[in-house]
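This is what each chain is made of:
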Amino acid sequence: MSDDFKRKLQDYRDGKLPDEEKLELEHELEKMEFYQSYLDEMLDSEEDKKNTGQGKLSAEERKMHKREARLLRKGKWKARFGTVLTLISLFIWFTFLSSIGTALFYSLGNPGFGNIDRHVIVAAIAVGYPNMNVQVSSDAGPYFNMKVKSPVTKRVGAQNMEIGNFSASFLFNWMRLYDFSWSDSDAGRTPLFQYPGKEGFSSDQEWKRLDKLPEGTVAEAFVSYNRLYTTDEILKQFKGKDMDPVWFAVDNGEGSGRRNNGVMTNPIGFPTTPVWFPEDGKVSKSSEQKTGFLSLTSISMTSYPAVDTYGSGDIRNENFIKTLRMLVQHKLIAKRLIPFVDMKETLDYVEKNGVKIYGAVVTGPTKEILKLKDEPEVSGIQVGKVTLWNWYQ
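The following refers to the structure shown. Bear in mind that the values here come from a model prediction, so they are computed numbers and not experimental data.

What follows covers the pairing of strand 5 (residues 174–182). Inspection of the sheet shows strand 4 (residues 159–171) paired to strand 5 by eight bridges, in the antiparallel sense. When the bridges of strand 5 are listed, Ser167 appears paired with Asp179. Taking the residues between adjacent antiparallel strands as the criterion, strand 4 and strand 5 are bridged by two residues, where Phe172 takes a positive phi near 55 degrees.

Okay, structure coming up:
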């Protein structure tokens with residue numbers, strides 16, 4: 001660009017050019033804009049030809065470009081496939097390592113976390129669900145998960161009858177989910193007791209039901225008493241009777257479980273057969289057998305303290321309080337399974353006031369249970385499950 005043209009542009013900007021020179025300059029600028037546009041189009045066309053392999057490329061060059069394009073695509077897919085294989089390998093290794101970690105987490109210790117979690121479930125159901133029992137098995141999987149399951153049984157007559165199933169899943173020691181699935185329509189029925197000295201509920205229809213049931217049947221019944229008994233006293237009530245007590249309802253204070261003028265809708269108690277702890281037993285014989293990678297099957301014979309059928313109150317009471325302490329210690333699991341009872345308040349009350357019993361779950365021949373109506377100590381009854389005769393000969 002010449003100095004003279006630059007001067008004209010400055011004068012054009014400042015408005016100093018004469019009209020004739022101004023028109024001439026504008027005409028020149030229009031031609032320059034046209035040349036620039038044409039030049040851009042030419043450059044774009046040449047670039048397209050280069051990108052598409054056209055123009056002055058020879059057949060051999062075009063063939064080479066196609067081969068390069070194929071190699072580039074192949075390389076991209078190999079990279080993607082390699083990334084996928086890497087991710088799959090990492091996932092497999094993570095699953096493998098987490099499976100080892102899970103097995104170690106739930107098995108290490110004496111007892112291990114898996115045994116503790118299973119025992120807490122058994123104890124919570126024994127304490128909070130009258131005349132219901134579980135024998136929990138577990139399956140530890142990867143990612144620190146453990147699944148537990150068990151049939152739910154109850155004693156009716158001389159037999160333990162399956163009434164449903166229990167299942168739960170753990171993440172570490174946190175019970176994420178649990179479920180009771182009942183196979184019996186009466187299994188989920190809320191057991192009712194009435195507290196001594198309260199009006200409670202009428203048992204007239206329940207006595208009539210027992211009266212109308214046929215001779216060859218056995219029944220489960222929730223029996224309430226008009227005063228508090230010690231464990232030894234309540235057991236002596238059944239001496240000489242053709243029926244068995246299977247569970248006892250324990251007084252746990254005004255604020256726990258008592259509703260509607262003395263009707264106990266969430267009773268807490270203990271089964272006739274104590275929930276023994278691992279340390280309560282004496283192992284007389286033990287053996288281990290390897291069943292798989294990092295898994296062993298243990299076979300042992302363990303004996304527990306003997307209890308008298310109609311006595312051993314101190315042993316039973318100590319076992320019940322010990323069970324409550326364990327449920328307080330593992331309150332997250334206990335709260336999930338027994339949500340309407342404060343275990344800490346219950347433990348404090350029982351430790352202060354002793355084990356005092358106001359009700360019992362009994363089972364036996366229907367007509368034998370009907371005889372309880374004539375006993376002045378009995379204040380009420382609720383009939384549970386009834387089935388055909390299976391009593392002792």
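The rest of the description comes next.
By way of backbone hydrogen bonds, the strands of a sheet pair with one another, either parallel or antiparallel. Spatial strand order, 11-8-14-7-15: five strands in an open sheet with antiparallel pairing. The open sheet has two edge strands, strand 11 (268–271) and strand 15 (378–388), and neither has a second partner. Going across the sheet, the axis of each strand differs from the next one's by a mean of 20 degrees, ignoring polarity. Sheet topology note: the strand 8 (residues 244–250)/strand 14 (residues 357–365) ladder contains six bridges and is antiparallel. Directly across from Pro245, in strand 14, lies its bridge partner Val362. Sheet contacts for helix 4 (residues 113–128): strand 8 and strand 11; angle to strand 11, the most-contacted strand, approximately 110 degrees.

Before going further, it helps to examine the packing of aromatic side chains. Applying the stated criterion across every chain yields a total of 15 aromatic pairs. Taking the centre distance of 6.1 Å and the plane angle of 85 degrees together, the rings of Tyr178 and Phe180 count as edge-to-face. The class of Tyr178 is partly exposed, set by a relative accessible area of 30%. Overall, the relative accessible area of 16% leaves Phe180 in the buried class. Where Phe270 meets Phe320, the ring centres are 5.2 Å apart and the plane angle is 40 degrees; that geometry is what we call tilted. A residue pair is termed long-range when its members are at least 10 positions apart, and Phe270 in strand 11 and Phe320 in helix 7 (residues 313–329) qualify at 50 residues. Neither residue differs from the other here; Phe270 and Phe320 are each classed as buried. Each residue in the set Tyr129, Phe166, Tyr178, Phe180 and Trp182 is aromatic and connected to the rest through ring pairs, giving one cluster. Above the ring of Tyr229, the side-chain terminus of Arg227 is found at 3.9 Å from the ring centroid. In this structure, Lys322 packs its charged tip against the face of Phe277, placed 4.7 Å from the ring centre.

Right, let's talk about the packing of helix 4 against helix 7 for a bit. Two elements in contact, helix 4 and helix 7, have axes whose closest approach is 10 Å; the angle formed by their N-to-C orientations is 120 degrees. The pairing of helix 4 with helix 7 is recorded here as oblique in orientation. Classified by chirality, the crossing of helix 7 by helix 4 is left-handed. Along its contact with helix 4, which presents His119, Val120, Ala123, Ala124 and Val127, the element helix 7 presents Phe320, Thr323, Leu324, Met326 and Leu327. Broken down by class, the residue content of the contact of helix 4 with helix 7 amounts to eight nonpolar, two polar and no charged.

So, how was this worked out
- Residues numbered from 1 in each chain as written.
- Predicted model: local features only at pLDDT ≥ 70, side-chain atom pairs only at ≥ 80, totals over all residues.
- Heavy atoms only, no water.
- Pairing = 2+ DSSP bridges.
- Helix = DSSP H or I, 4+ residues; strand = E, 2+ residues; numbered from the N terminus.
- Axes fitted to C-alpha atoms, helices over the stretch in contact; angles between N-to-C directions.
- Contact = heavy atoms within 4.5 Å.
- Phe/Tyr/Trp six-rings, centres within 6.5 Å; stacked < 30°, edge-to-face > 60°.
- Buried < 20%, exposed > 50% of the residue type's maximum accessible area, 1.4 Å probe, protein only.
- Lys NZ or Arg CZ within 6 Å of the ring centre and 35° of its normal.
- Parallel < 35°, antiparallel > 145°, perpendicular 65-115°, else oblique.
- Left-handed = near helix turned anticlockwise from the far one by under 90°.
- Nonpolar A, V, L, I, M, F, W, Y, C, P; charged D, E, K, R; others polar.

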